[in-house]
Amino acid sequence: MTDRNRQDVLTDRVYEAVKAMVMDHEIAPGARVSIEGLARQLDVSATPVREALARLEPDGLVVKRPNAGYRATDLLDPEALTDLFEMRLLLEPRAASLAAENASEDDLRLLASVVERMRRHPDTGENYSVYRRFALLDQEFHDALARAAGRPLLADAVSRLHAHLHMFRLNSAPGAAGPTIDEHQRILDAVVRRSPERAAEAMAAHLRSSRVRHRPHTSPPRPSDRRGGTR
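Residues numbered from 1 in each chain as written. Predicted model: local features only at pLDDT ≥ 70, side-chain atom pairs only at ≥ 80, totals over all residues. Heavy atoms only, no water.

Trainee: Give a description of the overall build of the chain that names residues and reports values.
Mentor: A tally of helices and strands in the chain yields nine helices and five strands. A buried classification covers 46% of the 231 residues belonging to the chain. Taking contacts inside the chain between residues at least 6 apart in sequence as the whole, the part at least 24 apart equals 78%. Carbon and sulfur atoms make up 52% of the accessible area of the chain, which amounts to about 11700 Å² in all. (Helix = DSSP H or I, 4+ residues; strand = E, 2+ residues; numbered from the N terminus. Buried < 20%, exposed > 50% of the residue type's maximum accessible area, 1.4 Å probe, protein only. Contact = heavy atoms within 4.5 Å. Areas by Shrake-Rupley, 256 points an atom, 1.4 Å probe, with all protein chains shown as cover.)

Encoded structure:
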């Protein structure tokens, strides 16, 4: 492995570690993020921490302030979450409908592969480290479906809405994997059958159920939340 590859692997590891800290409130919402503190905590130099924070900013998890470094973003309220799901309900059923009309065989194979991988990794729970893989596969399914619609602007809008979900620090309730996979399968079945109406209906039903399952963290920070990377 080259030095560059090793650096990329290290940055990826630090990125995931800091992301988990933010998602699980080990770094409290609104708290200052200390690059030096994180470097000590993760036993790395400051460089991969800076690179990780730069990647977390477009995720909506940290904000860089001029001459003041980074802080974790504040939580968005339930009303904003409702607005986000309303936008998804406007866009994603239409994307599913178009995918039923336009998806290629490669698109269908990819979607089926994502659903199968979700079946093999049905880990959901309160901590981001537990549900991370499942959440990534969930996003991959929605993004792949939107791309299969054959409308690049629509696919880009759907992807941006998914990125905004990070700002709510959503967790995943135990037992949510089964219903999510079943709902994805119903969407896929409708797309495979080239049924735009059923695909749109299946997507709308999935999003309404997903809104109920998702919930922002509401518990106050633990005393330990103010230690480590928030110094």
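Trainee: Residue-level account of the environment of F134, with values.
Mentor: With respect to the element layout, F134 can be found in helix α6 (residues 128-148). Classification of F134 as buried rests on a relative accessible area of 6%.

Trainee: I'd like a rundown of the packing of helix α4 (residues 78-102) against α6, residues and numbers included.
Mentor: Interhelical geometry of α4 versus α6 gives an angle of 60 degrees and a closest axis separation of 7 Å. With respect to α6, the axis of α4 lies oblique. Note that α4 runs across α6; the crossing there is left-handed. Two secondary-structure elements touch here, α4 through R88, E92, A95, A96, L98, A99 and N102 and α6 through H142, L145, A146 and A148. For the contact of α4 with α6, the per-class residue count stands at seven nonpolar, two polar and two charged. (Axes fitted to C-alpha atoms, helices over the stretch in contact; angles between N-to-C directions. Parallel < 35°, antiparallel > 145°, perpendicular 65-115°, else oblique. Left-handed = near helix turned anticlockwise from the far one by under 90°. Nonpolar A, V, L, I, M, F, W, Y, C, P; charged D, E, K, R; others polar.)

Trainee: Residue-level account of the sheet that holds strand β2 (residues 62-65), with values.
Mentor: Within a sheet, each strand pairs with its neighbour through backbone hydrogen bonds, oriented either parallel or antiparallel. The strand order across the open sheet formed by three strands is β1-β3-β2, and the pairing between neighbours is antiparallel. Across the chains shown, the open sheet's two edge strands, defined by having one partner strand only, are β1 (32-33) and β2. Relative to strand β3 (residues 69-72), β2 is paired through four bridges, and the arrangement is antiparallel. Bridged to R65 within β3 is G69. (Pairing = 2+ DSSP bridges.)

Trainee: Tell me about the nonpolar core, and name the residues and values.
Mentor: By size, the foremost hydrophobic cluster in this structure holds 25 residues, and its most contacted members are F141, L145, I187 and V191. At the level of secondary structure, the elements contributing two or more residues to this core comprise α4, α5 (105-120), α6, α8 (177-192) and α9 (196-213). With near-sequence residues (within four places) excluded, F141 lies in contact with L111, V114, V115, H184 and I187. Counting 24 residues, the second largest nonpolar core, distinct from the first, contains V44, L56, V62 and Y70. (Core = buried A, V, L, I, M, F, W, Y, C linked by side-chain atoms within 4.5 Å.)

Trainee: Go over the packing of aromatic side chains, please, and point to the residues and values.
Mentor: Any two aromatic rings considered together are summarised by their centre-to-centre distance and by the angle between their planes. A full pass over the atoms with the stated rule returns one aromatic pair. Summarising the aromatic geometry, the rings of Y128 and Y131 are spaced 5.5 Å apart at their centres and angled 90 degrees between planes, so their arrangement reads as edge-to-face. Here Y131 and Y128 lie together in helix α6, a separation of three residues that amounts to about one turn. Taking relative accessible area as the criterion, Y128 reaches 3% and is therefore assigned buried. According to the relative accessible area criterion, Y131 is buried, its value standing at 5%. Directly above the ring of Y15 sits R55, whose terminal nitrogen or CZ lies 4.0 Å from the centroid. (Phe/Tyr/Trp six-rings, centres within 6.5 Å; stacked < 30°, edge-to-face > 60°. Lys NZ or Arg CZ within 6 Å of the ring centre and 35° of its normal.)

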